[in-house]
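Here is what each chain is made of, one letter per residue.
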Amino acid sequence: MTDREYVLGVDSGGSGLRAALADPRGPGPGRSTEPVPLTEPVRSAEPVHTGPRGIDAGHFLKQLLPMARALLDEAGGGRITAVCVGAAGLASLGDDLRAHLPAALAEQLGVHRTALAADAVTAYAGALGDRPGAVVAAGTGMIAIGMDPTAWHRADGWGHLLGDCGGGAWIGRAGLDAALRAYDGRRGGSAALLARAAERFGPLPELPAQLYPRPDRPAVLASFAPDVAACAADDPVARGILREAARHIAEAAAAVCPRTEECEVALTGGLFHVGDPLLVPLSEELADQLPHARRVPAAGDPLDGALRIAADVAADRLRLPRDGRMLSVHGNYPADIRVEDIPVEIEGTPGHPRDESHGEDDS
């Protein structure tokens with residue numbers, strides 16, 4: 001039926017965009033408040049570009065609009081009433097998105113309510129909903145975010161050059177450092193990681209030429225994190241890298257956890273798929289640094305969180321704290337902001353293959 005109404009959730013991280021449609025009313029006959037995805041998510045062909053004005057709104061739209069239209073076609077038509085975009089770097093690099101995205105989505109898709117959120121906020125909403133607590137989102141990057149009823153509290157998430165300590169790119173870079181040390185004959189090297197790096201990237205002297213020109217350098221670095229985890233059982237250098245990563249992640253969680261008698265802490269993101277080599281030392285670090293915290297499983301991932309926020313915005317029931325940089329809701333569009341003012345190419349957009357990551361997070 002073409003008069004059906006949907007909400008659109010978008011998760012933008014180091015590996016690209018993921019997007020899904022949901023029925024905002026839930027599955028019911030009685031209808032819950034949890035949105036239910038209608039189709040498998042779709043993924044963009046590349047990450048969104050970052051330029052002098054931060055996250056590039058034109059490039060974002062060039063990828064998102066065809067994805068949204070494909071999702072609507074697959075759902076059999078209808079209209080999108082609300083959108084939530086969760087984007088890595090939004091707090092510090094999101095001015096271009098905030099200036100242009102809501103108006104463009106209104107003009108191109110008929111959307112009249114748009115929530116723009118840091119990816120940590122959508123990770124939080126996916127993991128804990130609107131309950132106070134703390135969430136660590138770790139994929140390509142790493143950020144911890146805590147919430148009490150009135151405010152957000154964040155730690156790290158400063159990007160792979162300045163922070164994201166313990167995240168996938170951080171682990172991958174540390175592993176490649178150990179590989180290059182072994183190649184050079186310096187102390188701190190790992191022959192096991194050297195072999196893994198040569199298997200993944202080819203001859204080590206060619207690695208800089210492969211890595212430095214890439215716009216997706218963080219994702220390339222993070223691609224080596226599973227290799228570090230695979231070596232940890234038998235290699236003390238790899239094991240030490242993961243122990244240090246666990247310490248950084250726990251420090252970030254401790255910095256944002258509400259000072260209550262018991263704080264719920266959830267972990268979300270693709271990095272934790274490496275399993276016990278990271279999760280075992282992380283459990284030990286959390287117990288040491290946050291003895292009052294209670295680990296709970298994440299209810300969903302950042303894309304689930306984006307869908308939840310979009311559904312709450314559509315129904316005027318959003319209870320998460322609003323913040324000009326972390327979570328803002330837009331519904332009035334100045335007449336002088338037009339989508340044609342944004343350098344976005346609608347036709348000829350690269351393909352948007354199906355997302356096979358099953359919830360991998362790219363924080």
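Please refer to the structure placed before this passage.
The paragraphs below set out a description of the structure included in this document. All values derive from a computational prediction rather than experimental measurement.

1. Focus on helix H3 (residues 95–109)
The end-to-end C-alpha separation of H3 is 21 Å, in line with the 21 Å expected for 15 residues at 1.5 Å each. Of all the bends in H3, the greatest, near 35 degrees, is centred on Leu101, and the proline Pro102 appears no more than four residues after it. Counting buried positions along H3 gives 11 out of 15 residues, so the element sits mostly inside the fold. For H3, every residue scored as buried is listed here: Asp96, Leu97, Arg98, His100, Leu101, Pro102, Ala103, Ala104, Leu105, Ala106 and Leu109.

2. Overview of the nonpolar core
Ranked by internal contacts, the top residues of the largest apolar core, which has 48 residues, are Val136, Ile171, Leu193, Val228, Phe272 and Leu282. For this core, the element with the most residues is helix H10 (residues 236–256), which contributes 11 residues. Apart from the residues lying within four places of it in its own chain, the contact partners of Val136 are Met142, Ile143, Ala144, Ile249, Ala253, Ala266, Leu267, Thr268 and Phe272. Ranked by size, the runner-up nonpolar core spans 35 residues in total, among them Ala91, Met147, Val296 and Ala311.

3. Digging into the pairing of strand E8 (residues 114–118)
Burial within E8 is extensive, with five of its five residues counted as buried. A two-sided burial pattern is seen for E8, the buried positions comprising Thr114, Leu116 and Ala118 on one face and Ala115 and Ala117 on the other. Pairing analysis gives five bridges linking strand E7 (residues 79–87) to E8, with the strands arranged parallel. Bridging across to E8, Cys84 finds its partner in Ala115. Two strands pair when backbone bridges link them, and E8 and strand E14 (residues 327–330) are joined in this way by four bridges, in the antiparallel orientation. For Ala117, the partnering residue across the bridge sits in E14 and is Leu327.

4. Quick word on the pattern of salt bridges
What the rule picks out here adds up to 22 salt bridges. Where Arg308 meets Asp130, a salt bridge forms, and the shortest distance between an N and an O atom there is 3.9 Å. Here the residue Arg308 occupies a position in helix H12 (residues 302–314), and Asp130 occupies one in the loop between helix H4 (119–128) and strand E9 (133–138), the gap between them amounting to 178 residues. By relative accessible area, which is 23% here, Asp130 ends up partly exposed.

5. Remarks on a nonpolar patch on the surface
Taken together, the side chains of Trp158, Leu161 and Leu162 present a nonpolar region at the surface, about 440 Å² in accessible area. Position of Leu161 relative to the elements: it lies in the loop between strand E11 (151–156) and helix H5 (168–184).

6. Thoughts on the packing of aromatic side chains
Under the defined criterion, the tally for this structure stands at two aromatic pairs. On the numbers, 5.4 Å between centres and 85 degrees between planes, the contact of Tyr124 with Trp152 is edge-to-face. Of the two residues, Tyr124 is situated in helix H4 and Trp152 in strand E11; the sequence distance between them amounts to 28 residues. On the basis of relative accessible area, Trp152 is assigned to the buried category, the value being 11%. Centre to centre, the rings of Phe201 and Phe224 are 6.1 Å apart; their planes meet at 50 degrees, and the pair counts as tilted. Taken together, the positions of Phe201 in helix H6 (residues 191–201) and Phe224 in the loop between helix H8 (217–222) and helix H9 (225–231) put the pair 23 residues apart, joining distant regions of the chain. Note on accessibility: Phe201 and Phe224 belong to one class, buried. Here the guanidinium or amino end of Arg154 rests over the ring plane of Trp158, the centre of that ring lying 4.1 Å away.

Rules and cut-offs
- Residue numbers here run from 1 along each chain, matching the order of that chain's written sequence.
- Local features in this predicted model are restricted to residues of pLDDT 70 or higher, and side-chain atom pairs are both shown and tallied only at a pLDDT of 80 or more, whereas totals for entire chains, interfaces and linings draw on every residue.
- Only hydrogens and water are set aside when side-chain values are computed; all heavy atoms of the structure are taken into account.
- Runs of H or I in DSSP of at least four residues are treated as helices and runs of E of at least two as strands, each being numbered from the N terminus.
- One less than the residue count of a helix, multiplied by 1.5 Å, gives the span that helix is expected to have.
- Here the bend at each residue means the angle between axes fitted to two seven-residue stretches, the one ending at that residue and the one beginning there.
- For each residue, the accessible area found with a 1.4 Å probe, counting protein chains only, is set against the maximum for its type, and the residue is called buried under 20%, exposed over 50%, and partly exposed in between.
- Residues belong to one nonpolar core when they are buried, are Ala, Val, Leu, Ile, Met, Phe, Trp, Tyr or Cys, and are joined through side-chain atoms within 4.5 Å.
- What makes two residues a contact is simply this: any of their non-hydrogen atoms within 4.5 Å.
- DSSP calls a pair of strands paired once it identifies at least 2 bridges connecting them.
- Counted as salt bridges are all cases of a side-chain nitrogen of Lys or Arg within 4 Å of a carboxyl oxygen of Asp or Glu.
- Patches here are clusters of residues that have more than 30% relative accessible area and form no salt bridge, with a 9 Å joining cutoff for like charges and a 5 Å cutoff for nonpolar side chains (Val, Leu, Ile, Met, Phe, Trp, Tyr).
- Note on areas: Shrake-Rupley, 1.4 Å probe, and residue coverage restricted to the protein chains presented here.
- Here is the rule: rings of Phe, Tyr and Trp (six-membered ring for Trp) pair when centre to centre is within 6.5 Å. Planes less than 30 degrees apart are stacked, more than 60 are edge-to-face, and the remainder are tilted.
- The criterion is that NZ of a Lys, or CZ of an Arg, lies within 6 Å of the ring centre and within 35 degrees of the ring normal, and then a charge sits over that ring.

Remember that the coordinates give geometry; whether it matters functionally is a separate question.
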